[in-house]
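A structural walkthrough
Letter by letter, the chains look like this.
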Amino acid sequence: MPATTSAAEGKPGAESKEAEFKLPPFPADKTIRQSTTIAGRKIDYNATVGSLPVLDDKGKKIAEVMFFAYTVPGKDRPVTFALNGGPGASSVYLNLGALGPKRVQFGADGNSPSDPATPIDNPGSWLDFTDLVFIDPVGTGFSRALVDEDVAKKKFYSTNADIEYLSRIIYDWLVKNERLESRKYLVGESYGGFRGPRITHYLQTRLGIAMNGLVLVSPYLDPGASDNGDLSPLPWMLTLPSIAAANLERHGKLSDAAMKQIVDYTRTDYVTDLLKGRSDPQSLDRIVKRVTELSGLDPEFVRRSGGRLETQSFLREVFRDEGKLGSRYDSNVTAWDPFPFSPRQRSNDPILDGIIAPTTTAMVDFITRTVGWKYDGRYNALSYDVNRLWDRDSKDSDKGSVDALRQSVAIDSKLQVLIVHGWADLSCPFMASVLIVDQMPVMGDPQRVQVKSYAGGHMFYSRPDSQEHLRSDAQRVYAAH
């Protein structure tokens, strides 16, 4: 009779799996004193790099989540939590691009991955009117799961699990730092904008934390809106205004007035002619004529597309004569096409590939050298592994976050919501948010939920003028309380 073995011993590879998570511990939280200049005023602040544990229902630590906190001593300071998206993006883009006290230039046309990544004072920072806490979800930045991949998928890489543990991180930070009575705000960019309403609603109804305001930057609110373009006109309605905005910008004609005309056309004649289809033989001619004017594309390309401009085809076509590709995050930001004769685009997006180096270099240097939080793991500004592992098959993922947005606004009659976009963003087009908000019931003051759009694309804040517009509009949200 063989000797008995434990369950762990009986499973091949169990010992190596156990050893895999005997990782060096994270350093203790560390704070340094820094200063920046915002609106002509010097601001002294504390910069903290730290982490919070994620515990399972038995109290076992299954992950460690990093945060970056910038706080200014003083009474009655609001606190703002900020998350990026992906899934698989760290918070570095909002931190070093939009809101934080220091910034690195990235994401605009002409920026290069090898440009100096030295942070400078950020004139568009919000630190003069709110403390800032940036959160790196598990698998991004230095944040790490302490369980194997299959368990991590269930605990972190699905819609509901993601919302629940990130909400708990916000709750734990507030308790740890004795900030439960502070005014509280949440900023989410891209898929972080998908998270924003859901986290707000979960905090309101499950953890007992009420947000005063919600700012959604280039949000991805309704994944289903882009489905079934063979039947529904909606996918083409969402992208045409952004394509037209990029064309106007190339000719120096982009303005609110010009965009209003384009939005009006999209809501009326464009959608009507799309729906008519072959029942009206002249509808295609009308579409092709107007879409050609709006897009600046060759009329034969527009006709072959039926006036329905598929995003990646458009991004190759618009700069084909120059041998370049446009980015879906801002179609006027380009890179050389390394495979111009291929029938399909074979390289990654110009902006995504171009922002990894400057953001990673600047953030790792800030963490390990400037702050002195010494850790030699890999920093993931953008984790393709997390994106690959994400569960996209659940009904919760398809449903979007519009339900949670409506319910959060209904629950709290003082909640302020600002949704902001770049005109030329084709990854999360502004028109989707315009239509979503226009279909919401008016719950009290109609100005409580607003959509604003600025020049630029997904990371419109890479442009100083658009970043300043964002800052001004956000200040009005904070001043409402």
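Each remark here, short or long, concerns the structure printed above.
Attention here is on the structure that accompanies the text. It should be emphasised that the depicted structure is a prediction, and the values quoted were computed from it without experimental measurement. (Residues numbered from 1 in each chain as written. Predicted model: local features only at pLDDT ≥ 70, side-chain atom pairs only at ≥ 80, totals over all residues. Heavy atoms only, no water.)

This part takes up the overall build of the chain. Looking only at helices and strands, one finds 17 helices and 14 strands in the chain. For 481 residues, the compact-globule formula gives about 23 Å, and the C-alpha radius of gyration of the chain, at 23 Å, lands near that figure. Dimensions of the chain along its principal axes, counting C-alpha atoms only, are 80 × 70 × 45 Å. Evaluated residue by residue, the chain yields a buried proportion of 55% over its 481 residues. When contacts within the chain are restricted to residue pairs at least 6 apart in sequence, long-range pairs at least 24 apart make up 71% of them. Of the roughly 22000 Å² that the chain leaves accessible, carbon and sulfur atoms contribute 50%. Distance from the positive charge centre (58 side chains) to the negative charge centre (61 side chains) of the chain: 2 Å. (Helix = DSSP H or I, 4+ residues; strand = E, 2+ residues; numbered from the N terminus. Rg over C-alpha atoms; globule rule 2.2 N^0.38 Å. Buried < 20%, exposed > 50% of the residue type's maximum accessible area, 1.4 Å probe, protein only. Contact = heavy atoms within 4.5 Å. Areas by Shrake-Rupley, 256 points an atom, 1.4 Å probe, with all protein chains shown as cover. Lys, Arg positive; Asp, Glu negative; His and termini not counted. Charge placed at Lys NZ, Arg CZ, Asp CG, Glu CD.)

Moving on to the pairing of strand β11 (residues 324–327). Taken together, the 4 bridges between β11 and strand β12 (residues 330–336) define a ladder with antiparallel strand orientation. Looking at β12, one finds that glycine 326 is bridged to threonine 334. Taking the residues that link successive antiparallel strands as the turn, the β11-β12 hairpin has 2 residues. (Pairing = 2+ DSSP bridges.)

As a further point, take unusual backbone geometry. Each neighbour pair has its own omega, and for glycine 86 with proline 87 the value is -5 degrees, a cis peptide bond. Phi at glutamate 178 takes a positive value of approximately 55 degrees, unusual for a residue other than glycine. Mapped onto the elements, glutamate 178 comes out in the loop between α5 (159–176) and β9 (184–189). Positive phi values are uncommon outside glycine, yet serine 190 reaches one of about 60 degrees. By the element assignment, serine 190 lies in the loop between β9 and α6 (191–207). Residue classification places serine 190 among the buried positions, given a relative accessible area of 14%.

This part covers the packing of helix α7 (residues 234–250) against helix α16 (residues 430–438). Geometry of a packed helix pair, given as the angle between the helix axes and the separation of the axes. Orientation of α7 relative to α16, taken along the N-to-C sense of each, is 120 degrees, at an axis distance of 7 Å. Classed by the angle they form, the pair α7 and α16 counts as oblique. Each of Leu234, Met237, Leu238, Pro241 and Ser242 in α7 lies in contact with α16, whose residues at this interface are Phe430, Met431, Ala432 and Leu435. Of the residues that constitute the contact of α7 with α16, the class distribution is 8 nonpolar, 1 polar and no charged. (Axes fitted to C-alpha atoms, helices over the stretch in contact; angles between N-to-C directions. Parallel < 35°, antiparallel > 145°, perpendicular 65-115°, else oblique. Nonpolar A, V, L, I, M, F, W, Y, C, P; charged D, E, K, R; others polar.)

This part takes up the nonpolar core. If you look at the biggest cluster of nonpolar residues, it comprises 57 residues, and the most contacted ones within it are Phe68, Tyr70, Tyr93, Trp126, Phe366, Ile367 and Trp373. Ranked by the residues each element gives to this core, the list is headed by helix α12 (residues 350–371), at 8 residues. Non-local contacts of isoleucine 367, meaning those with residues more than four positions away in its chain, are made with Val49, Met66, Phe68, Phe142, Gly372, Trp373 and Tyr379. Among the nonpolar cores identified, the runner-up in size contains 48 residues, and Val54, Ala152, Val437 and Met440 belong to it. (Core = buried A, V, L, I, M, F, W, Y, C linked by side-chain atoms within 4.5 Å.)

Counting buried residues in helix α3 (residues 92–99) gives 8 out of 8 residues, a clear majority hidden from the surface. The complete set of buried residues in α3 reads Val92, Tyr93, Leu94, Asn95, Leu96, Gly97, Ala98 and Leu99.

α6 sits mainly inside the fold: 13 of its 17 residues count as buried. Two residues or fewer past α6, glycine 208 is found with a positive phi of approximately 70 degrees.

All chains considered together, the criterion is met by 23 aromatic pairs. Consider the rings of tryptophan 423 and phenylalanine 430, whose centres lie 5.0 Å apart with planes at 90 degrees: the pair is edge-to-face. For the pair tryptophan 423 and phenylalanine 430, a shared accessibility class is recorded, and that class is buried. Joined through ring pairs, the aromatic side chains of Phe156, Tyr157, Tyr165, Tyr191, Phe194 and Trp390 make up one cluster. For arginine 290, the ring lying beneath its charged end belongs to tyrosine 265, and the centroid distance is 5.4 Å. (Phe/Tyr/Trp six-rings, centres within 6.5 Å; stacked < 30°, edge-to-face > 60°. Lys NZ or Arg CZ within 6 Å of the ring centre and 35° of its normal.)

Below, the discussion takes up the environment of proline 464. Structurally, the position occupied by proline 464 is in helix α17 (residues 464–479). For proline 464, a relative accessible area of 61% gives the class exposed. With 83 residues separating them in the primary sequence, proline 464 and alanine 381 have C-alpha atoms 23 Å apart.

Following both chains from N to C, one finds α7 and helix α8 (residues 256–276) inclined at 140 degrees, their axes separated by 10 Å at the closest point. Our pair here, α7 against α8, has a crossing hand that is right-handed. For the pair α7 and α8, the contacting residues are Trp236, Met237, Leu240, Pro241, Ala244, Ala245 and Leu248 in the first and Ala258, Met259, Ile262, Tyr265, Thr266, Arg267, Tyr270, Val271 and Leu274 in the second. (Left-handed = near helix turned anticlockwise from the far one by under 90°.)

Bringing the pattern of salt bridges into the picture now. Here the structure, examined in full by the defined rule, presents 25 salt bridges. Measuring nitrogen to oxygen at the nearest pair gives 3.2 Å for the salt bridge that ties glutamate 64 to lysine 61. Judged by relative accessible area, which is 39%, lysine 61 ranks as partly exposed. (Salt bridge = Lys/Arg side-chain N within 4 Å of Asp/Glu carboxyl O.)

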